[in-house]
Amino acid sequence: MHKVINSFRLLKEYCENEGFKGWDPYDGLNSKVFQALPFLKKSAICRLVVIQGFKRCPVNLRRLALVPKEYNAKGIGLFLSGYCNLYNAVKANPKLAESLGSPDSLKSRINELAELLISLQSKGYSGACWGYNFDWQARRLFLFPKFTPTVVASNFCATALMEAYEITREKRFLEIALSAAHFVINDLHRTEYKDGFLFSYSPLQGNDTVFNASLLGSRLLSFCYKYTGNEEYCELAEQSIKACCSGQKPNGAWVYGMLPVQSWVDSFHTGYNLDALIAYQELTLKFDNRSHLWELVERKDMEDIHREEIPKFVFRMVDYISEVKEWRGTATQLITQVNETEITPNVVTKMLARFSSEVFQPQGIEYKTKRTGTSRLIYLKKNDGNDSDDNKSTI
């Protein structure tokens, strides 16, 4: 186990020292030498030769060809997911902190990577989406310019932001991640197949019938359904899954895609397919042991999730003021009055100030404070709907 942990530590240190920048097997077209030769750039065959040559050459040609190390959005998403895993591992086993970092240092890195990932979004689409930092040529059929968003990269980036949200509770991370559903629904096109359809690889025409791409789109929608309860996400994910399952071979494998040049089979993309199917099952379905049927899981919407994040003490105060109608005094006196034993006066003051407009005002509860020479006085009043006396409240 020590060797495994040490291996993780060395890899973590290397990635941090490199600033999370690096090369990609398919980034040959980023060569400044190649970019300086326009007659080569226009040839699909030349582009393929460069990409495959850089990928397959036993010697790394990138330094010689001036390929810069850069941020890869999908890579940053995977780094973010990895640091979330490290954080959870250290929280579960504090002894790992000595080798992998403290929870606070890991959380700081999670925030840093999440902000970086957000900055790497491809702009001009219906929702958050991400692409690769290099041009890439798919056979001789189509060229994808750098930063063209793909459903594959967007899936890993958006779900990584969701993982970051679970640790940091930063709502912006979740909101940006959930907007990726709009990219999948509105910007990707669909190809009908059997009982459903396949999501395209990207908004560009061409690479439209790749099974793992469509299933990763279903995976992303399943995660978005988990947080929103939006049934459209679940329904579209199901239609894509039905079509892709219809394309599965009798031996359990999938070809990469439906075009004649995409007829190869590999375990790598089959793993994507299986992971997406598992996510759909776990996030949208539950098994009823009595009926022996899979049923759709009812999910909370964003309002429900946010309400759960508001401390229960705030809602107890709503009930208390609704009952007594009016109260004046210090935070210490308020704690004593409502018999709260696990909260400090300082925290009470902060909670009342933070949630007064969000929780108290909609309930018709007026909140005021006044600093005296020795303490801060709190005034809470439940208004009965008669506004004639509201301006006469004093503290």
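Preceding this paragraph is the structure being described.
Just so it is clear, the structure is predicted and the values come from calculations on it, not from any experiment.

Caption draft 1: Representation of the overall build of the chain within the structure. Broken down by element type, the chain carries 16 helices and nine strands. A compact globule built from 395 residues would reach a C-alpha radius of gyration of about 21 Å, whereas the chain, at 27 Å, exceeds it by more than 25%. Its C-alpha atoms give the chain principal-axis dimensions of about 80 × 50 × 45 Å. Every one of the 395 residues in the chain was classed for burial, and the buried ones make up 45%. Sequence separation of at least 24 residues holds for 63% of the intrachain contacts in the chain that already meet a minimum separation of 6. Summed over its atoms, the accessible surface of the chain is roughly 21200 Å², and 52% of this surface lies on carbon and sulfur atoms. Across the chain, 49 positive and 45 negative side-chain charges occur, with their mean positions spaced 8 Å apart.

Caption draft 2: Seen up close, the state of the cysteines. On inspection of all chains with the given rule, the structure shows zero disulfides. This cysteine, Cys 157, is not joined by any disulfide, and Cys 129 carries the nearest cysteine sulfur, 9.8 Å off. Look at Cys 157 and you get buried, because its relative accessible area is 0%. No disulfide involves Cys 245; its sulfur sits 7.1 Å from that of Cys 244, the nearest cysteine. Its relative accessible area of 33% is what places Cys 245 among the partly exposed residues.

Caption draft 3: Expanded view of the sheet that holds strand S8 (residues 365–371). Taking strand neighbours across the sheet as the criterion, the three strands line up as S7-S9-S8 in an open arrangement whose pairing is antiparallel. Looking at which strands have only one partner, the edges of the open sheet turn out to be strand S7 (326–329) and S8. Shown here is a sheet whose adjacent strand axes are inclined to one another by a mean of 10°, direction ignored. Where S7 lies against strand S9 (residues 376–382), four bridges are found, and the strand directions are antiparallel. Of the residues in S9, the one forming a bridge with Arg 328 is Tyr 379.

Thresholds, definitions, all that
- Residues numbered from 1 in each chain as written.
- Predicted model: local features only at pLDDT ≥ 70, side-chain atom pairs only at ≥ 80, totals over all residues.
- Heavy atoms only, no water.
- Helix = DSSP H or I, 4+ residues; strand = E, 2+ residues; numbered from the N terminus.
- Rg over C-alpha atoms; globule rule 2.2 N^0.38 Å.
- Buried < 20%, exposed > 50% of the residue type's maximum accessible area, 1.4 Å probe, protein only.
- Contact = heavy atoms within 4.5 Å.
- Areas by Shrake-Rupley, 256 points an atom, 1.4 Å probe, with all protein chains shown as cover.
- Lys, Arg positive; Asp, Glu negative; His and termini not counted.
- Charge placed at Lys NZ, Arg CZ, Asp CG, Glu CD.
- Disulfide = S-S within 2.5 Å.
- Pairing = 2+ DSSP bridges.
- Axes fitted to C-alpha atoms, helices over the stretch in contact; angles between N-to-C directions.

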